[in-house]
Amino acid sequence: MRVCLVGNQNSGKTSLFNALTGMNQKVGNWPGVTIDRKEGIVKGTDLEIIDLPGVYSLNPFTSEEKITRDFLLNEQYDVILNIIDSTSIERSLYLTTQLIDLGKRVVIALNMCDLLKKKGYHVHEDILSEVLNLPVIKVSALKNEGIDKLIKTLESMDKNQISSVKIFDDDIEKAVAELSLKISVNQRYNALKILEEDNLYLKKDHPEAEEIIQKLKNIYNKGLDEVIADERYNFIVKNKSLFFHSDRQEETISDKLDKVFLNKYAAIPIFVVIMALVYFLSVGLVGNFTTGLIESLFELIKTSLRSGLESISAWPWLISLLCDGIITGIGAVLNFIPQLIILFICISILETCGYMSRISFFLDRLFRKFGLSGKSIIPFIVGSGCSVPGIMTARTIENEKEKKVTILLTPFIPCSAKLPVITLFTTFFFGSLAWLASVSLYFLAIIIILLSAILFKKVYMKDETEHYILELPEYKKPSFRYVTRDVAEKVWSFIKRAGTIIFVCSVIVWFLTSFSWTFQYGVDIENSILASIGSILAYIFYPVIGHLSWAATVSALLGIVAKEQIVSTMAVIAGLADNASNGSLIFANSRIFSFFNGVNGYAFMVFCLFSAPCLGAISAMRKELNSKKAMFKAIAYQTLLAYVLASLINGIGTLVMLII
Amino acid sequence: MVLTDLKIHQKAVVTKVNITNALLKRRILDMGITSGVVIEIKKIAPLGDPIDISLRGYQLCLRKNELSQIECEVIK
Ligand SMILES: Nc1nc2c(ncn2[C@@H]2O[C@H](COP(=O)(O)OP(=O)(O)O)[C@@H](O)[C@H]2O)c(=O)[nH]1
Ligand SMILES: [Mg+2]
């Protein structure tokens with residue numbers, strides 16, 4: 001049996017999907033986390049669950065809402081599982097009245113029941129079930145309550161258990177009945193659409209409707225779309241007192257928190273402090289201590305492996321491949337796992353606690369000046385974990401142009417894979433102020449984003465984005481279980497990348513640095529294949545670092561594979577050249593990178609941060625922009641901007657250093 | 001009187017939705033801003049716009065531009 005999960009944004013669809021199927025899909029307390037539909041099976045049953053993007057109604061407003069509407073109208077399924085946030089039941093039931101119109105079997109899952117008592121709400125599900133004439137089950141997706149009962153109800157659904165309730169006035173119900181006779185599929189839904197004079201339903205296909213619509217308009221004296229919406233809400237409000245009681249205090253915890261977080265003067269400083277804190281925690285705090293530990297672990301593995309292999313007189317190239325290539329290359333990125341864990345925890349909490357929507361709310365005005373809206377903030381913050389989901393959340397933006405610009409700008413935000421580069425450089429060159437240098441990069445990214453947005457506004461967005469509609473959810477305590485699972489999953493995928501892409505790349509880098517064009521092993525590194533390719537490209541890269549360095553050039557360029565590859569490449573090269581592959585030793589002990597200093601190091605980071613993102617993000621951009629040309633334009637813009645900006649920073653910075 | 005005329009924490013009943021953009025009006029209706037609904041101004045963003053209103057047991061942020069096209073009557 002195919003069951004599709006339909007509900008408002010943030011009602012807990014994905015959480016319920018996970019509770020039902022045991023998968024770990026992405027959850028978040030802001031609209032638009034489920035971007036495409038996901039399917040899964042309830043273990044031990046024949047229930048197939050489909051998680052659809054959140055919708056407020058069956059009149060889509062964004063491209064992702066359209067996915068759900070089209071699915072419901074055109075695809076095969078047996079039951080609609082309508083999930084409702086029981087703490088905002090009135091608005092949620094509006095969608096339910098529309099789902100009933102589809103003439104399918106509907107089951108309601110009243111979610112977030114664990115919160116009802118705390119908020120002083122009482123919901124009587126039996127009465128609601130009677131009013132709507134369909135099964136209603138109380139659940140808590142978070143606490144795993146009521147899930148078994150829900151599964152049983154779904155399994156025992158009767159084929160003919162189709163709900164029918166009288167929602168509208170007699171006049172409208174009569175008109176619907178009359179029109180339905182002339183329609184073949186989704187009769188009630190389509191009849192209502194015709195009455196609403198929806199653009200999709202041309203009147204000329206239904207000449208008989210003309211007269212009916214006119215007659216009704218005369219009765220109500222306003223557009224029928226308005227009348228129908230009014231009546232749906234009237235139906236809910238009329239019955240609400242039967243199944244819902246509230247003894248809620250006037251001021252909720254959310255209101256109290258908002259007095260601080262949305263305070264007129266404090267809101268923006270608090271936001272800056274929170275983002276700075278994220279970087280302080282992940283770059284500054286755990287930094288040196290843990291990295292040192294992991295470094296020495298890899299060093300230990302390397303030395304014991306090396307001596308072991310030497311004692312059995314293995315080929316020198318094999319020893320070098322294993323130690324200087326693979327272990328060094330992979331170790332260089334795995335070093336940063338402690339920092340990444342902290343970063344992922346911070347982002348996961350930000351995403352689930354409800355603060356994200358607030359950021360969007362109070363920065364909307366500012367972003368509007370730049371041709372964006374508060375809605376673009378969400379992709380940016382998600383992007384500080386990884387650009388790929390960031391780019392995908394841009395789908396919730398209604399305005400097409402704004403959506404495109406947001407997609408193009410999201411990769412500018414330093415993502416977690418860029419963290420190793422940032423940490424490596426900032427800890428060595430800025431010492432105890434490393435976190436501040438990292439934060440400065442984050443805010444530099446925001447400035448670049450805003451300036452780019454102005455540019456694009458001038459080029460092709462003459463108009464301001466016209467509207468902004470966002471639900472402000474209440475604050476929620478982040479779920480410990482979810483955060484740990486989410487972080488574990490992200491860290492695991494980072495490790496997997498180290499074992500695959502980074503592994504392969506390290507081997508290639510090792511090969512190209514160990515061999516000459518005549519495939520002679522063990523040549524001086526300056527005569528290696530990579531050095532000769534790199535030294536040509538180094539001229540192009542000269543302005544960025546003020547030095548002709550083939551090694552820095554190829555490292556930066558390989559960032560396109562994955563941003564953490566930059567660090568890995570540097571480690572392999574420094575290891576082979578000067579036996580100085582470990583963290584800070586890269587700069588301290590290796591001739592090849594010793595030219596780096598605070599200024600050109602910063603410029604190098606800027607280039608790596610703002611130039612073309614990794615291949616994963618590029619393909620996400622291609623998909624979401626829906627055009628190869630637009631994608632290439634975006635990459636060209638990003639890379640050119642990074643090049644000019646980094647060169648400027650290096651030039652000006654060097655000048656300033658000369659003067660002082 | 002329109003919704004932007006209200007002060008913070010004031011409540012009003014919506015009397016008419018005058019939004020001209022059909023798609024936007026549709027969405028505003030779907031979100032529950034229909035005639036007869038009681039709306040309270042909850043928060044104003046630090047930079048003066050958008051405004052957070054509460055209705056039907058939840059909170060919704062809209063810009064002044066849209067709110068100024070929704071007529072209402074204050075309730076004491
Ligand atoms: N307290 C509580 N929170 C929940 C429950 N279900 C979901 N949530 C939270 O609500 C937010 C939105 O959940 P999500 O599954 O992403 O909703 P979706 O947008 O409908 O897919 C997350 O912060 C969840 O942790 C529940 O039953 N109880
Ligand atoms: Mg979801």
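How each quantity is defined
- Residues numbered from 1 in each chain as written.
- Chains lettered and ligands numbered in written order.
- Predicted model: local features only at pLDDT ≥ 70, side-chain atom pairs only at ≥ 80, totals over all residues.
- Heavy atoms only, no water.
- Helix = DSSP H or I, 4+ residues; strand = E, 2+ residues; numbered from the N terminus.
- Rg over C-alpha atoms; globule rule 2.2 N^0.38 Å.
- Buried < 20%, exposed > 50% of the residue type's maximum accessible area, 1.4 Å probe, protein only.
- Areas by Shrake-Rupley, 256 points an atom, 1.4 Å probe, with all protein chains shown as cover.
- Lys, Arg positive; Asp, Glu negative; His and termini not counted.
- Charge placed at Lys NZ, Arg CZ, Asp CG, Glu CD.
- Contact = heavy atoms within 4.5 Å.
- Domains from an automatic or database assignment.
- Buried area = accessible area lost by both parts, 1.4 Å probe.
- Salt bridge = Lys/Arg side-chain N within 4 Å of Asp/Glu carboxyl O.
- Pairing = 2+ DSSP bridges.
- Axes fitted to C-alpha atoms, helices over the stretch in contact; angles between N-to-C directions.
- Near = heavy atom within 4 Å.
- Polar contact = N/O pair within 3.5 Å; in protein donor to acceptor, adjacent residues only side chain to side chain.
- Nonpolar A, V, L, I, M, F, W, Y, C, P; charged D, E, K, R; others polar.
- 1 Å grid on protein atoms, 1.4 Å probe; cavity = no way out; pocket = protein on both sides within 12 Å on 5 of 7 lines; lining within 4 Å.
- Points joined across faces, edges and corners; volume = space filled by probe spheres on them.
- Phe/Tyr/Trp six-rings, centres within 6.5 Å; stacked < 30°, edge-to-face > 60°.
- Lys NZ or Arg CZ within 6 Å of the ring centre and 35° of its normal.

## Some remarks on the overall build of chain B
Line of reasoning, step 1. Broken down by element type, chain B carries two helices and five strands.
Line of reasoning, step 2. Along chain B, helices and strands appear, N-terminal first, in the series β-α-β-β-β-α-β.
Line of reasoning, step 3. Scaling as 2.2 N^0.38, a compact globule of 76 residues should have a C-alpha radius of gyration of about 11 Å, and chain B matches this with 11 Å.
Line of reasoning, step 4. With the C-alpha coordinates aligned to their principal axes, the bounding extent of chain B is approximately 30 × 30 × 25 Å.
Line of reasoning, step 5. Relative to its full complement of 76 residues, chain B shows a buried share of 58%.
Line of reasoning, step 6. For chain B, the accessible area works out to roughly 2,900 Å², and carbon and sulfur atoms hold 55% of it.
Line of reasoning, step 7. Distance between charge centroids for chain B: 3 Å, based on 12 positive and 8 negative side chains.

## Remarks on the overall build of chain A
Line of reasoning, step 1. When helices and strands are counted, chain A shows 29 helices and nine strands.
Line of reasoning, step 2. Principal-axis analysis of the C-alpha atoms places the extent of chain A at approximately 90 × 55 × 50 Å.
Line of reasoning, step 3. Going through the 660 residues of chain A one by one, you find that 60% of them count as buried.
Line of reasoning, step 4. Looking at chain A alone, contacts between residues at least 24 apart form 72% of all its contacts between residues at least 6 apart.
Line of reasoning, step 5. For chain A, the exposed surface amounts to about 27,000 Å²; the carbon and sulfur share of it is 63%.

## Focus: the domain arrangement of chain A
Residues and elements named next belong to chain A.
Line of reasoning, step 1. Partitioning chain A into structural domains gives domain 1 (2-155), domain 2 (170-246), domain 3 (269-417 + 449-493) and domain 4 (517-659).
Line of reasoning, step 2. Between the C-alpha centres of domain 1 and domain 2 the distance comes to 25 Å.
Line of reasoning, step 3. Counting residues at the interface gives 23 residues for domain 1, matched by 21 residues for domain 2.
Line of reasoning, step 4. In this assembly, domain 1 packs against domain 2 so that about 2,100 Å² is buried in total across both faces, 63% of it on carbon and sulfur atoms.
Line of reasoning, step 5. Looking only at domain 1, the three residues that lose the most surface to domain 2 are E90, Y94 and D101, adding up to 30% of its buried area.
Line of reasoning, step 6. One can count three salt bridges joining domain 1 with domain 2.

## Re the sheet that holds strand β1 (residues 11-17) of chain B
Strand pairing in a sheet is mediated by backbone hydrogen bonds. Such pairs are either parallel or antiparallel.
Line of reasoning, step 1. Strand order in the open sheet formed by six strands is β9(A)-β4(B)-β3(B)-β2(B)-β1(B)-β5(B), with antiparallel pairing between adjacent strands. At either margin of the open sheet sits one strand with a lone partner, and together these are β9 (469-471) of chain A together with β5 (70-75) of chain B. Mean inter-strand twist for the sheet, computed between neighbouring axes without regard to direction, equals 35°.
Line of reasoning, step 2. Of the pairings in the sheet, the one linking β1(B) to strand β2 (residues 38-44) of chain B comprises three bridges and is antiparallel in character. Bridging across to β2(B), B:V13 finds its partner in B:V38.

## Side note on the site of ligand 1
Residues and elements named next belong to chain A.
Line of reasoning, step 1. In the vicinity of ligand 1 there are 20 residues, among which N10, K13, T14, S15 and D114 approach most closely.
Line of reasoning, step 2. Within the backbone of M112, a nitrogen or oxygen atom sits 3.4 Å from an oxygen atom of ligand 1.
Line of reasoning, step 3. In isolation ligand 1 exposes 580 Å². Once the protein is present, 96% of that is buried.
Line of reasoning, step 4. Put simply, the parts of the chain that give the shell around ligand 1 at least two residues each are α1 (13-21) and α4 (113-119).
Line of reasoning, step 5. Sorting elements by how many residues they give to the shell around ligand 1 places α1 first, with three residues.
Line of reasoning, step 6. Its residues placed into classes, the shell around ligand 1 shows five nonpolar, 12 polar and three charged.

## So, the interface of chain A and chain B
Line of reasoning, step 1. Listed as interface residues are 43 residues of chain A and, on the opposing side, 34 residues of chain B.
Line of reasoning, step 2. Regarding the contact of chain A and chain B, the summed buried area is about 3,400 Å², with carbon and sulfur atoms giving 55% of it.
Line of reasoning, step 3. Linking chain A with chain B are nine salt bridges, by the criterion used here.
Line of reasoning, step 4. Scanning the region where chain A abuts chain B turns up 18 residue pairs in polar contact (both at pLDDT 80 or more).
Line of reasoning, step 5. Counting only elements with at least two residues in the side of chain A that touches chain B, the list comes to α3 (89-101), α10 (224-243), α11 (253-261), α12 (267-285), α16 (355-369) and β9 of chain A.
Line of reasoning, step 6. Here the residues of the side of chain A that touches chain B sort into 17 nonpolar, nine polar and 17 charged.

## Details of empty space enclosed by the protein
Residue and element names in this part refer to chain A.
Line of reasoning, step 1. Inspection of every chain in the model, using the stated rule, returns six cavities of 30 Å³ or more.
Line of reasoning, step 2. One number sums up the size of the largest cavity: a volume of about 190 Å³.
Line of reasoning, step 3. In terms of lining, the largest cavity is formed by 17 residues, of which the most central are Q9, Y56, K375, E398 and I469.
Line of reasoning, step 4. Residue assignment for the lining of the largest cavity shows that the elements contributing at least two residues are α2 (63-74) and β9.
Line of reasoning, step 5. Of all the elements, β9 adds the most residues to the lining of the largest cavity, at three residues.
Line of reasoning, step 6. A per-class count over the lining of the largest cavity returns eight nonpolar, three polar and six charged.
Line of reasoning, step 7. Residues from two domains meet in the lining of the largest cavity; each of domain 1 (2-155) and domain 3 (269-417 + 449-493) gives at least three.
Line of reasoning, step 8. Approximately 100 Å³ is the volume attributed to the second largest cavity.
Line of reasoning, step 9. Considering the residues around the second largest cavity, the lining is formed by 15 residues, among which G331, A332, N335, S581 and N582 are closest to the centre.
Line of reasoning, step 10. Contributing elements (two or more residues each) for the lining of the second largest cavity: α13 (287-311), α14 (316-334) and α25 (565-578).
Line of reasoning, step 11. It is α14 that contributes the most residues to the lining of the second largest cavity, four residues altogether.
Line of reasoning, step 12. Tallied by class, the residues present in the lining of the second largest cavity amount to eight nonpolar, six polar and one charged.

## Here we look at the pattern of salt bridges
Residue and element names in this part refer to chain A.
Line of reasoning, step 1. The tally for this structure, following the rule as stated, stands at 36 salt bridges over all chains.
Line of reasoning, step 2. A salt bridge links E48 to R2, with the nearest nitrogen and oxygen atoms 2.8 Å apart. Here R2 lies in strand β1 (residues 2-7) and E48 lies in strand β3 (residues 48-51), a separation of 46 residues in the sequence.
Line of reasoning, step 3. Under the relative-accessibility criterion, E48 is labelled partly exposed at 24%.
Line of reasoning, step 4. Exposure remark for R2: the relative accessible area of 21% places this residue in the partly exposed category.
Line of reasoning, step 5. With its nearest N and O atoms 3.1 Å apart, the salt bridge here joins R188 to E173. Pair noted here: R188 is in helix α8 (residues 187-195) and E173 is in helix α7 (residues 170-180), with a separation of 15 residues, a long-range link.

## Remarks on the packing of aromatic side chains
Residues and elements named next belong to chain A.
Line of reasoning, step 1. Across all of its chains, the model carries 33 aromatic pairs over all chains by this definition.
Line of reasoning, step 2. Seen in terms of ring centroids, F430 and Y602 are 6.4 Å apart; in terms of plane orientation they differ by 80°. Their pairing is edge-to-face. Of this pair, F430 sits in helix α20 (residues 419-430) while Y602 is found in helix α27 (residues 598-610), placing the two residues 172 residues apart along the sequence.
Line of reasoning, step 3. Under the relative-accessibility criterion, Y602 is labelled buried at 16%.
Line of reasoning, step 4. Members of the aromatic cluster, joined through ring pairs, are F425, F428, F429, F541, F587, F593, F595, F596, F604 and F607.
Line of reasoning, step 5. Directly above the ring of F244 sits K240, whose terminal nitrogen or CZ lies 4.7 Å from the centroid.

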